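Remarks on the overall topology
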Amino acid sequence: MERIVILTGAGISRESGLDTFRDEGGIWSQVRLEDVCTPEGFARNPEAVDDFYNRRRRELATAEPNAAHHALAELEAAYGDNTDDAFLLVTQNIDDLHERAGSKNLVHMHGELLRLRCLNCGATPHWTTDCHRDTPCPSCGRPRLRPDIVWFGEMPMHMDRIQRALEQCDTFVAIGTSATVYPAAGFVHEASGHARTVELNLVPSGNATLFDEIASGPATTIVPRFVRDTLAENAR
């Protein structure tokens, strides 16, 4: 079976009721990213950053995986025991909807909303409730917790593994991403030349012309269709 890398962005979770960031009416039209999504913003006003992510955590608790999340979990399951990254799901999303749908071989390149990071001991505890400035770290007891999120100006996570997978893949698929945030926006360049490249998006992204194939529409429609077609092709 071919090697496949799938990149997902906020568009795949939109139909689960989670706000996107860059679309009209999205999160960045409501708050300044400099205030809540940069190390400098956290240094200036950590309480405002805590409040922002506490609200995101509460919103996530009411969301459920949609048909697109479940379809990708079905595609992964068809690859069976996957110890060599024949299937790798790379998500820019900080929600846990892929995991709840059943995806296992995935990496969160921008971190996870349901984890905190201790600036004292480095622990990254799973976290589902609110966090405040006096909340102690479960590991060391010090109240020095921040969201385990990659902020602007910080290095995305798991880049070595992602790079290896892109270099070796036969198919690269970008789903629900605006193609404006690097390094993810450059993944199609990494895969082009040796892999089939596919974009699945509500509307074509700014990078759409770089892909071999494009399908536009709601993720809950076009992702299950792509998965059905891929499974049928691999069964031949």
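Residues numbered from 1 in each chain as written. Predicted model: local features only at pLDDT ≥ 70, side-chain atom pairs only at ≥ 80, totals over all residues. Heavy atoms only, no water.

Moving on, we get to the overall build of the chain. Counting its secondary structure elements, the chain contains nine helices and eight strands. Taken over C-alpha atoms, the radius of gyration comes to 18 Å for the chain, in line with the 18 Å a tight globule of 236 residues would show. Summarising its shape, the C-alpha atoms of the chain cover approximately 60 × 40 × 30 Å along the three principal directions. Every one of the 236 residues in the chain was classed for burial, and the buried ones make up 50%. For the chain, the proportion of contacts with a sequence separation of at least 24, taken over those separated by at least 6, is 64%. Carbon and sulfur atoms make up 49% of the accessible area of the chain, which totals about 11100 Å². When the 23 positive and 35 negative side-chain charges of the chain are each reduced to one mean point, those points stand 4 Å apart. (Helix = DSSP H or I, 4+ residues; strand = E, 2+ residues; numbered from the N terminus. Rg over C-alpha atoms; globule rule 2.2 N^0.38 Å. Buried < 20%, exposed > 50% of the residue type's maximum accessible area, 1.4 Å probe, protein only. Contact = heavy atoms within 4.5 Å. Areas by Shrake-Rupley, 256 points an atom, 1.4 Å probe, with all protein chains shown as cover. Lys, Arg positive; Asp, Glu negative; His and termini not counted. Charge placed at Lys NZ, Arg CZ, Asp CG, Glu CD.)

UniProt feature "binding site: substrate" (unreviewed entry): in the numbering of this structure it lies at Y53 and R56. Judged by relative accessible area, Y53 falls into the buried class, the value being 2%. Its place among the elements puts R56 in helix α4 (residues 46–61). Residue classification places R56 among the buried residues on the basis of a relative accessible area of 10%. (UniProt positions renumbered as here; feature names shortened; annotations may be inferred.)

UniProt feature "binding site: Zn(2+)" (unreviewed entry): in the numbering of this structure it lies at C118, C121, C137 and C140. The named residues occupy 23 residues along the chain; their greatest pairwise C-alpha distance, 8.7 Å, places them in one compact cluster. By the element assignment, C121 lies in the loop between β4 (111–118) and β5 (145–149). Once residues lying within four places of it in the same chain are set aside, the contact partners of C121 are C137, S139 and C140. Structurally, C140 is set in the loop between β4 and β5. In contact with C140, other than residues within four places in its own chain, are C118, N120 and C121.

For the structure on display, the rule yields twelve salt bridges. Here D50 ties to R133 by a salt bridge, and the two come within 2.7 Å at their closest N and O atoms. Remark: R133 occurs in the loop between β4 and β5 and D50 occurs in helix α4; sequence separation between them is 83 residues. Linked by salt bridges that have partners in common, R32, D35 and R44 make up one network. (Salt bridge = Lys/Arg side-chain N within 4 Å of Asp/Glu carboxyl O.)

Looking now at the packing of aromatic side chains. Counting across every chain of the model gives four aromatic pairs. Considering the side-chain rings of F42 and W151, the 5.4 Å spacing of their centres and the 45° angle between planes classify their relative orientation as tilted. Linking F42 in helix α3 (residues 39–44) with W151 in the loop between β5 and α7 (159–168), this pair joins segments that are 109 residues apart in sequence. Using a relative accessible area of 2% as the deciding quantity, one classes W151 as buried. Stacked on the ring of F52, the Lys or Arg R56 has its end atom at 4.6 Å from the ring centre. Lying over the aromatic face of W151, R146 brings its terminal NZ or CZ to 3.7 Å of the ring centre. (Phe/Tyr/Trp six-rings, centres within 6.5 Å; stacked < 30°, edge-to-face > 60°. Lys NZ or Arg CZ within 6 Å of the ring centre and 35° of its normal.)

Moving on to α4. Relative to the 22 Å expected for 16 residues at 1.5 Å per residue, α4 spans 23 Å between its end C-alpha atoms, a close match to the ideal helical length. When we look at burial in α4, the residues that qualify are P46, V49, D50, F52, Y53, N54, R56, R57 and L60. As for α4, its buried residues are in contact with α2 (33–36), α3, α6 (97–101), β4 and β5. (Expected span 1.5 Å × (residues − 1).)

The next thing to look at is the sheet that holds strand β6 (residues 171–175). Read from one edge to the other, the open sheet built from six strands follows the order β3-β2-β1-β6-β7-β8, with strand pairing classed as parallel. For this open sheet the edge positions go to β3 (106–108) and β8 (213–216), each flanked by a neighbour on one side alone. Mean inter-strand twist for the sheet, computed between neighbouring axes without regard to direction, equals 15°. Bridge analysis of β6 against strand β7 (residues 196–201) gives five bridges, and the strand direction is parallel. For F172, the partnering residue across the bridge sits in β7 and is T197. (Pairing = 2+ DSSP bridges. Axes fitted to C-alpha atoms, helices over the stretch in contact; angles between N-to-C directions.)

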